[in-house]
Amino acid sequence: KPVGRKQILTAPPVKQLAMERGILDNYTPSRKRRMLIYALGLSGLTAHFFGTLYLSYKDGAINSLFKGYAALPCVLYASAVFLLFKMFPFDRLPRRLVKVLTFFGGQTFGIYLIHIQIMTVMDRVLGFAPESFPGRLALALILFVVCGFLIKGMQKIPVIKHIVP
(Lines give C-alpha, C1' and ligand atoms only; values in the text may rest on other atoms or scores of the structure.)
Protein backbone atom coordinates (compact mmCIF):
# COMPACT_ATOMS: atom_id res chain seq x y z
CA LYS A 1 0.00 0.00 0.00
CA PRO A 2 1.64 3.29 -1.02
CA VAL A 3 2.10 5.94 1.65
CA GLY A 4 0.57 9.34 0.90
CA ARG A 5 2.28 12.65 1.67
CA LYS A 6 -0.12 13.44 4.51
CA GLN A 7 0.67 10.10 6.15
CA ILE A 8 4.42 10.72 5.89
CA LEU A 9 4.16 14.18 7.44
CA THR A 10 2.03 12.96 10.34
CA ALA A 11 3.59 9.52 10.86
CA PRO A 12 4.73 8.63 14.37
CA PRO A 13 8.46 9.39 14.66
CA VAL A 14 9.65 5.81 15.16
CA LYS A 15 7.66 4.53 12.19
CA GLN A 16 8.77 7.51 10.12
CA LEU A 17 12.46 7.16 10.94
CA ALA A 18 12.29 3.40 10.41
CA MET A 19 10.85 4.10 6.96
CA GLU A 20 13.58 6.67 6.23
CA ARG A 21 16.24 4.28 7.46
CA GLY A 22 14.87 1.54 5.20
CA ILE A 23 14.76 3.86 2.20
CA LEU A 24 18.27 5.16 2.78
CA ASP A 25 19.66 1.70 3.48
CA ASN A 26 18.31 0.31 0.20
CA TYR A 27 18.58 3.33 -2.08
CA THR A 28 21.55 5.48 -3.05
CA PRO A 29 20.38 8.75 -4.57
CA SER A 30 22.27 10.42 -7.37
CA ARG A 31 24.62 13.29 -6.51
CA LYS A 32 21.98 15.81 -7.63
CA ARG A 33 19.34 14.29 -5.33
CA ARG A 34 21.82 14.04 -2.45
CA MET A 35 22.56 17.75 -2.78
CA LEU A 36 18.81 18.43 -2.74
CA ILE A 37 18.37 16.32 0.42
CA TYR A 38 21.30 18.12 2.08
CA ALA A 39 19.85 21.53 1.09
CA LEU A 40 16.45 20.53 2.49
CA GLY A 41 18.18 19.31 5.65
CA LEU A 42 19.98 22.62 6.06
CA SER A 43 16.72 24.50 5.49
CA GLY A 44 15.01 22.30 8.09
CA LEU A 45 17.77 22.95 10.62
CA THR A 46 17.64 26.67 9.86
CA ALA A 47 13.84 26.75 10.21
CA HIS A 48 14.05 24.82 13.47
CA PHE A 49 16.70 27.06 14.99
CA PHE A 50 15.70 30.50 13.72
CA GLY A 51 11.96 29.76 13.71
CA THR A 52 12.10 28.69 17.34
CA LEU A 53 14.31 31.65 18.22
CA TYR A 54 11.99 34.16 16.52
CA LEU A 55 8.70 32.72 17.79
CA SER A 56 10.07 32.23 21.31
CA TYR A 57 11.27 35.83 21.43
CA LYS A 58 7.89 36.97 20.12
CA ASP A 59 5.94 34.83 22.64
CA GLY A 60 8.24 35.52 25.58
CA ALA A 61 8.55 31.76 26.18
CA ILE A 62 9.91 28.75 24.31
CA ASN A 63 7.67 28.12 21.33
CA SER A 64 7.59 24.47 20.27
CA LEU A 65 6.06 24.82 16.79
CA PHE A 66 9.27 23.66 15.09
CA LYS A 67 10.30 21.24 17.84
CA GLY A 68 9.65 17.51 18.07
CA TYR A 69 10.74 14.46 16.14
CA ALA A 70 7.66 14.45 13.92
CA ALA A 71 7.99 18.14 12.96
CA LEU A 72 8.86 18.67 9.31
CA PRO A 73 12.12 20.58 9.98
CA CYS A 74 13.41 17.69 12.13
CA VAL A 75 12.44 15.10 9.52
CA LEU A 76 14.30 17.11 6.86
CA TYR A 77 17.55 17.44 8.74
CA ALA A 78 17.37 13.91 10.19
CA SER A 79 17.12 12.58 6.63
CA ALA A 80 20.14 14.64 5.61
CA VAL A 81 22.16 13.39 8.60
CA PHE A 82 21.24 9.75 7.86
CA LEU A 83 22.28 10.22 4.23
CA LEU A 84 25.50 11.98 5.23
CA PHE A 85 26.53 9.03 7.41
CA LYS A 86 25.56 6.54 4.72
CA MET A 87 27.71 8.30 2.12
CA PHE A 88 30.61 9.22 4.42
CA PRO A 89 33.99 7.72 3.37
CA PHE A 90 34.81 5.96 6.66
CA ASP A 91 37.76 4.17 5.05
CA ARG A 92 39.67 7.50 5.13
CA LEU A 93 39.45 7.81 8.92
CA PRO A 94 42.08 6.56 11.38
CA ARG A 95 41.65 2.86 12.19
CA ARG A 96 41.07 3.47 15.92
CA LEU A 97 38.23 5.92 15.24
CA VAL A 98 36.64 3.50 12.74
CA LYS A 99 36.74 0.80 15.43
CA VAL A 100 34.81 3.03 17.88
CA LEU A 101 32.32 4.08 15.20
CA THR A 102 31.67 0.52 14.07
CA PHE A 103 31.13 -0.53 17.69
CA PHE A 104 28.25 1.95 17.93
CA GLY A 105 27.19 1.61 14.27
CA GLY A 106 24.82 -1.28 14.90
CA GLN A 107 23.21 0.46 17.85
CA THR A 108 22.28 3.89 16.48
CA PHE A 109 18.60 3.15 15.78
CA GLY A 110 18.24 1.42 19.16
CA ILE A 111 19.95 4.39 20.81
CA TYR A 112 17.44 6.67 19.13
CA LEU A 113 14.56 4.55 20.43
CA ILE A 114 15.64 4.53 24.10
CA HIS A 115 17.47 7.83 24.55
CA ILE A 116 14.41 9.79 25.74
CA GLN A 117 13.69 7.25 28.50
CA ILE A 118 17.33 7.14 29.59
CA MET A 119 17.56 10.94 29.44
CA THR A 120 14.51 11.15 31.73
CA VAL A 121 16.12 8.75 34.22
CA MET A 122 19.42 10.66 34.07
CA ASP A 123 17.57 13.94 34.66
CA ARG A 124 15.87 12.47 37.74
CA VAL A 125 19.12 10.99 39.06
CA LEU A 126 21.26 14.08 38.37
CA GLY A 127 18.47 16.50 39.28
CA PHE A 128 19.53 19.13 36.77
CA ALA A 129 19.74 19.90 33.10
CA PRO A 130 22.92 21.76 32.11
CA GLU A 131 22.29 25.23 30.72
CA SER A 132 25.69 25.79 29.09
CA PHE A 133 26.54 24.46 25.63
CA PRO A 134 29.59 22.46 26.87
CA GLY A 135 27.46 20.94 29.64
CA ARG A 136 24.73 19.92 27.22
CA LEU A 137 27.27 18.52 24.77
CA ALA A 138 28.98 16.48 27.51
CA LEU A 139 25.64 15.15 28.75
CA ALA A 140 24.64 14.24 25.17
CA LEU A 141 27.87 12.27 24.67
CA ILE A 142 27.42 10.51 28.02
CA LEU A 143 23.80 9.71 27.09
CA PHE A 144 24.89 8.33 23.71
CA VAL A 145 27.54 6.07 25.26
CA VAL A 146 25.23 4.83 28.04
CA CYS A 147 22.45 4.06 25.55
CA GLY A 148 24.94 2.39 23.20
CA PHE A 149 26.17 0.02 25.89
CA LEU A 150 22.59 -0.71 27.00
CA ILE A 151 21.56 -1.59 23.44
CA LYS A 152 24.73 -3.64 22.93
CA GLY A 153 23.91 -5.58 26.10
CA MET A 154 20.27 -6.05 25.09
CA GLN A 155 21.39 -7.40 21.70
CA LYS A 156 23.26 -10.19 23.50
CA ILE A 157 20.18 -11.48 25.40
CA PRO A 158 18.76 -14.39 23.35
CA VAL A 159 15.05 -13.49 23.47
CA ILE A 160 15.49 -9.72 23.32
CA LYS A 161 18.09 -9.62 20.52
CA HIS A 162 15.36 -10.33 17.96
CA ILE A 163 13.32 -7.35 19.17
CA VAL A 164 16.01 -4.69 19.71
CA PRO A 165 17.24 -3.02 16.51
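Our subject is the structure listed above.
Residues numbered from 1 in each chain as written. Predicted model: local features only at pLDDT ≥ 70, side-chain atom pairs only at ≥ 80, totals over all residues. Heavy atoms only, no water.

Novice: Looking at this model, I keep getting lost on the nonpolar core. Mind explaining?
Specialist: Side chains of a nonpolar character, in soluble globular proteins, are inclined to be buried together. Core analysis: the biggest nonpolar cluster contains nine residues, these being Phe104, Ile111, Ile114, Ile118, Met122, Leu143, Cys147, Ile151 and Val164. Residue assignment for this core shows that the elements contributing at least two residues are helix 6 (108-126) and helix 7 (133-154). When residues in this core are grouped by element, the largest group, four residues, is from helix 6. The contacts of methionine 122, once residues within four sequence positions are left out, are Gly127, Leu139, Ile142 and Leu143. (Core = buried A, V, L, I, M, F, W, Y, C linked by side-chain atoms within 4.5 Å. Buried < 20%, exposed > 50% of the residue type's maximum accessible area, 1.4 Å probe, protein only. Helix = DSSP H or I, 4+ residues; strand = E, 2+ residues; numbered from the N terminus. Contact = heavy atoms within 4.5 Å.)

Novice: In this structure, what is going on with a nonpolar patch on the surface? I would like to understand it.
Specialist: Judged by side-chain polarity, Phe49, Phe50 and Leu53 come together as a nonpolar surface patch covering roughly 350 Å² of accessible area. Mapped onto the fold, leucine 53 is located in helix 3 (residues 31-59). (Patch = residues over 30% accessible without salt bridge, like charges linked within 9 Å, V, L, I, M, F, W, Y side chains within 5 Å. Areas by Shrake-Rupley, 256 points an atom, 1.4 Å probe, with all protein chains shown as cover. Salt bridge = Lys/Arg side-chain N within 4 Å of Asp/Glu carboxyl O.)

Novice: When you look at the side chain of serine 56 in this model, what are you seeing that I'm missing?
Specialist: The residue serine 56 is located in helix 3 in this model. Overall, the relative accessible area of 14% leaves serine 56 in the buried class. Polar contacts involving the side chain of serine 56 include one to the main-chain carbonyl oxygen of threonine 52, which spans 2.7 Å. What serine 56 contacts, discounting residues up to four positions off in sequence, is Ala61, Ile62 and Asn63. (Polar contact = N/O pair within 3.5 Å; in protein donor to acceptor, adjacent residues only side chain to side chain.)

Novice: Hey, could you run me through helix 4 (residues 72-87) in this one?
Specialist: An α-helical turn contains 3.6 residues, so any two residues separated by three or four positions project in the same direction. The end-to-end C-alpha distance of helix 4 is 23 Å, a good match for the 22 Å that 16 residues give at a rise of 1.5 Å each. Inspection of helix 4 places Pro73, Cys74, Val75, Ala78, Ser79, Ala80 and Leu83 among the buried residues, and these make up the whole buried set. (Expected span 1.5 Å × (residues − 1).)

Novice: Could you clarify how one ought to interpret the packing of aromatic side chains in this entry?
Specialist: The description of an aromatic ring pair uses the distance of the two centres, along with the angle that the planes make with each other. What the rule picks out here adds up to five aromatic pairs. With centroids separated by 5.2 Å and ring planes inclined at 50°, the aromatic side chains of phenylalanine 104 and phenylalanine 144 adopt a geometry described as tilted. Residue phenylalanine 104 is found in helix 5 (residues 95-105), and its partner phenylalanine 144 is found in helix 7; the two are separated by 40 residues along the sequence. Three or more aromatic residues joined by ring pairs make a cluster, and in this case those are Phe104, Phe144 and Phe149. (Phe/Tyr/Trp six-rings, centres within 6.5 Å; stacked < 30°, edge-to-face > 60°.)

Novice: How should the side chain of glutamine 107 be read in this particular structure?
Specialist: Topologically, glutamine 107 is positioned in the loop between helix 5 and helix 6. A distance of 2.9 Å separates a polar atom in the side chain of glutamine 107 from a polar atom in the side chain of glutamine 155. When sequence neighbours within four positions are dropped, the list of residues in contact with glutamine 107 reads Gly148, Ile151, Lys152 and Gln155.

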